Amino acid sequence: MVVPLTTSRRAELGQQLPLWRMVPGRDALFRSLVFSDFSQAFGFMSRVALAAEAINHHPEWFNVWNRVEITLSTHDAGGLSERDVDLALRIDQLALESGVRSGI
């Protein structure tokens, strides 16, 4: 069973995931990333898809040309869980390796 993050764990998120923001009105994390072009953005999404599938935790996302927007929340927990934190950290690493230009 997946459990929601505790209040103390939530307090640590700002330092651990500085490029992610809380989604207003939802218990979810959001990050927007900008790449050099569509090919880089799509390649990044493919790598994230493989990582997400490996841990059976899938993001909500949106892509237009060089921009990728990602929202993370665990439906089974009714909001944020460690699964979201783990995937966000992996996404941050993949973004760094993929040459992300910017994003919040």
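All figures in this text were calculated on a predicted structure; none of them were measured in a lab.

Colleague: Would you mind going over the overall build of the protein chain in detail, with residue names and values included?
Modeller: Of regular secondary structure, the protein chain possesses four helices and four strands. In the protein chain, the order of α-helices and β-strands from amino to carboxyl end is α-α-β-β-α-β-β-α. Relative to a compact globule of 104 residues, whose C-alpha radius of gyration would be 13 Å, the protein chain shows 13 Å and is just as compact. With respect to the principal axes defined by its C-alpha atoms, the protein chain has extents near 40 × 25 × 25 Å. Looking at the protein chain as a whole, 41% of its 104 residues qualify as buried. Within the protein chain, contacts between residues at least 6 apart in sequence are counted, and of these 68% link residues at least 24 apart. When the accessible surface of the protein chain is split by element, carbon and sulfur atoms take 58% of a total near 5,800 Å².

Colleague: Quick rundown of unusual backbone geometry? Include the residues and the values.
Modeller: With a phi close to 55°, Asn56 is a non-glycine residue in the positive phi region. One can find Asn56 in the loop between helix H3 (38-54) and strand S3 (60-64).

Colleague: Go over the nonpolar core with me, naming the residues and quoting the values.
Modeller: In terms of nonpolar packing, the biggest core is built from 23 residues, with Leu17, Trp20, Phe44, Val68, Ile70, Leu72 and Ile91 touching the most fellow members. Those elements giving two or more residues to this core turn out to be strand S2 (29-34), H3, strand S4 (67-72) and helix H4 (82-98). Those residues in contact with Leu72 that sit more than four places away from it in its chain are Trp20, Ala28, Leu29, Pro59, Leu80, Asp84, Leu87, Ala88 and Ile91.

Reading guide: rules and limits
- Residues numbered from 1 in each chain as written.
- Predicted model: local features only at pLDDT ≥ 70, side-chain atom pairs only at ≥ 80, totals over all residues.
- Heavy atoms only, no water.
- Helix = DSSP H or I, 4+ residues; strand = E, 2+ residues; numbered from the N terminus.
- Rg over C-alpha atoms; globule rule 2.2 N^0.38 Å.
- Buried < 20%, exposed > 50% of the residue type's maximum accessible area, 1.4 Å probe, protein only.
- Contact = heavy atoms within 4.5 Å.
- Areas by Shrake-Rupley, 256 points an atom, 1.4 Å probe, with all protein chains shown as cover.
- Core = buried A, V, L, I, M, F, W, Y, C linked by side-chain atoms within 4.5 Å.

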